[in-house]
Amino acid sequence: MTVTRRSAALAGSALWIALAALAFAITAGVLQGMRTDLDPIAMPLSAYLRGAGGSWLRGAYYVMASGLATLAWASYRATRRDLRSALASALFLVAAFALPVVAVTVLYEHTPQEDLARFIHSEAAQSTFLCLVVGMLLVSTRWARDAGMRTGNRTG
């Protein structure tokens, strides 16, 4: 696949990925500003999943998860064939599947399954971050060696 075709494969998906990230950031930021009952410095973002506006943030988590799944596909397709990392894409997919779990587990608060849900929430959140960090490192090292992604290309 040529550099132009690889860039086009990512460019179409880049808009969706950017919109998903923007929707997530705006929703989280607005909730942190609106919720005066929570300290945005001391409280983790998952505290905003319950209470006023929690359903909006859960929706933003689901949109972000679809953006991560798109990133898994697009980053694989846009990378030169000999530099592709199936592991990076798999890590992005794991994060895409784990993020909605983080969002939904708060719905089990004050139920008999609360302790299990809290444990699953913690593990899913840590898995999401770990998979994203390692996936981004893998993709960035591949893209640094890919001339089509390194110079003269806005998408890269």
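Counting from 1, residues in each chain are numbered in the order their sequence is written. Per-residue local features of the predicted model are confined to residues with pLDDT of at least 70, and side-chain atom pairs are confined, for both listing and counting, to 80 or more; whole-chain, interface and lining totals are unaffected and use all residues. Only heavy atoms go into the side-chain values, all of them from the structure, while hydrogens and water stay out.

1. A look at the overall build of the protein
We apply this condition: Helix and strand assignments follow DSSP, with helices taken as H or I runs no shorter than four residues and strands as E runs no shorter than two, numbered in order from the N terminus. Each residue is placed in one exposure class: buried if its accessible area under a 1.4 Å probe, protein chains only, is under 20% of its type's maximum, exposed if it is over 50%, and partly exposed if it falls in between. Contacts: residue pairs with any heavy atoms within 4.5 Å of one another. Accessible surface area values rest on a Shrake-Rupley calculation with a 1.4 Å probe, where residue burial reflects the displayed protein chains alone.
When you go through the protein residue by residue, the secondary structure sums to five helices and zero strands. Along the chain direction, N to C, the helices and strands of the protein fall in the order α-α-α-α-α. Sorting the 156 residues of the protein into buried and exposed places 39% on the buried side. Within the protein, contacts between residues separated by at least 24 positions form 68% of all contacts whose residues are at least 6 apart in sequence. Surface exposure of the protein reaches about 8,900 Å², of which carbon and sulfur atoms provide 68%.

2. Considering the nonpolar core
The cut-off we apply is this: What we call a nonpolar core is a set of buried Ala, Val, Leu, Ile, Met, Phe, Trp, Tyr and Cys residues that are connected through their side-chain atoms within 4.5 Å.
Residues Leu 49, Leu 57, Tyr 61, Leu 68 and Leu 99 are the most contacted members of the largest nonpolar core, which totals 30 residues. At the level of secondary structure, the elements contributing two or more residues to this core comprise helix H1 (3-34), helix H2 (54-78), helix H3 (86-105) and helix H4 (114-144). Counting residues per element, this core draws most heavily on H3, at nine residues. Not counting the four nearest positions on each side in its chain, Leu 68 is found in contact with Phe 92, Ala 95, Ala 96, Leu 99 and Leu 132.

3. Topic: unusual backbone geometry
Even without a glycine there, the phi angle at His 110 is positive, about 65°. Inspection of the secondary structure puts His 110 in the loop between H3 and H4. On the basis of relative accessibility, which here comes to 69%, the residue His 110 falls in the exposed class.

4. Regarding the packing of H2 against H3
The cut-off we apply is this: The axes are straight lines fitted to the C-alpha atoms, using for helices just the contacting stretch, and the angles between their N-to-C directions are given from 0 to 180°. Oblique is the label for every angle not falling under 35 degrees (roughly parallel), over 145 degrees (roughly antiparallel), or within 65 to 115 degrees (roughly perpendicular). We call Asp, Glu, Lys and Arg charged. Ala, Val, Leu, Ile, Met, Phe, Trp, Tyr, Cys and Pro are nonpolar, and the rest, Gly among them, are polar.
Running from N to C, H2 and H3 point in directions that differ by 170°, and their axes come no closer than 8 Å. In terms of orientation, H2 lies roughly antiparallel with respect to H3. On H3, the residues that touch Arg 58, Tyr 61, Tyr 62, Met 64, Ala 65, Leu 68, Ala 69, Leu 71, Ala 72, Ser 75 and Tyr 76 of H2 are Ala 86, Ser 89, Phe 92, Leu 93, Ala 95, Ala 96, Leu 99, Pro 100, Val 102, Ala 103 and Val 104. By residue class, the composition of the contact of H2 with H3 is 19 nonpolar, two polar and one charged.

5. With respect to a nonpolar patch on the surface
Put simply, the rule is: Patches draw on residues past 30% relative accessible area with no salt bridge. Two like charges within 9 Å are joined, as are two nonpolar side chains (Val, Leu, Ile, Met, Phe, Trp, Tyr) within 5 Å. For salt bridges, the criterion is a side-chain nitrogen of Lys or Arg within 4 Å of an Asp or Glu carboxyl oxygen.
Nonpolar side chains collect at one region of the surface, where Leu 15, Trp 16, Leu 19, Leu 22, Ile 26, Val 30 and Met 34 lie side by side and expose about 700 Å² of accessible area between them. Positionally, Met 34 belongs in helix H1.

6. So, the environment of Ser 46
If you trace the backbone, Ser 46 turns up in the loop between H1 and H2. Spatially, the C-alpha atoms of Ser 46 and Ala 125 are 9.1 Å apart, while their sequence positions differ by 79 residues. Setting aside anything within four residues of it in sequence, one finds Ser 46 in contact with Tyr 61, Val 106 and His 121.

7. A word on the pattern of salt bridges
The tally for this structure, following the rule as stated, stands at three salt bridges. Note that Asp 37 and Arg 35 form a salt bridge whose closest N and O atoms lie 3.0 Å from each other. On the accessibility criterion, Asp 37 (55% relative accessible area) is exposed. The class of Arg 35 is buried, set by a relative accessible area of 10%. One salt bridge connects Glu 114 with Arg 118, and the closest N-O pair in it is separated by 2.7 Å. One end of the pair is Glu 114 and the other is Arg 118, both in helix H4 and four residues apart, which spans about a single turn.

8. Section: the side chain of Arg 35
Threshold: Identification of polar contacts relies on pairs of N or O atoms within 3.5 Å, with a donor-acceptor requirement for protein atoms, meaning one able to donate a hydrogen and the other able to accept it, and with residues adjacent in sequence counted only if both atoms are side-chain atoms.
The topology assignment puts Arg 35 in the loop between H1 and H2. In this structure the side chain of Arg 35 is engaged in a polar contact, spanning 3.1 Å, whose partner is the backbone oxygen of Ala 52. The residues contacting Arg 35, other than those within four sequence positions of it, are Tyr 48, Arg 50, Gly 51 and Ala 52.

9. Some remarks on the confidence of the model for the protein
Which entries qualify depends on this criterion: A residue's pLDDT is the predictor's confidence in that residue, given on a scale from 0 to 100.
For the protein, the average pLDDT comes to 84, and 87% of its residues sit at 70 or higher. Looking at the elements of the protein, mean pLDDT is at its lowest for helix H5 (residues 147-150), recorded as 68, and at its highest for H3, recorded as 93.

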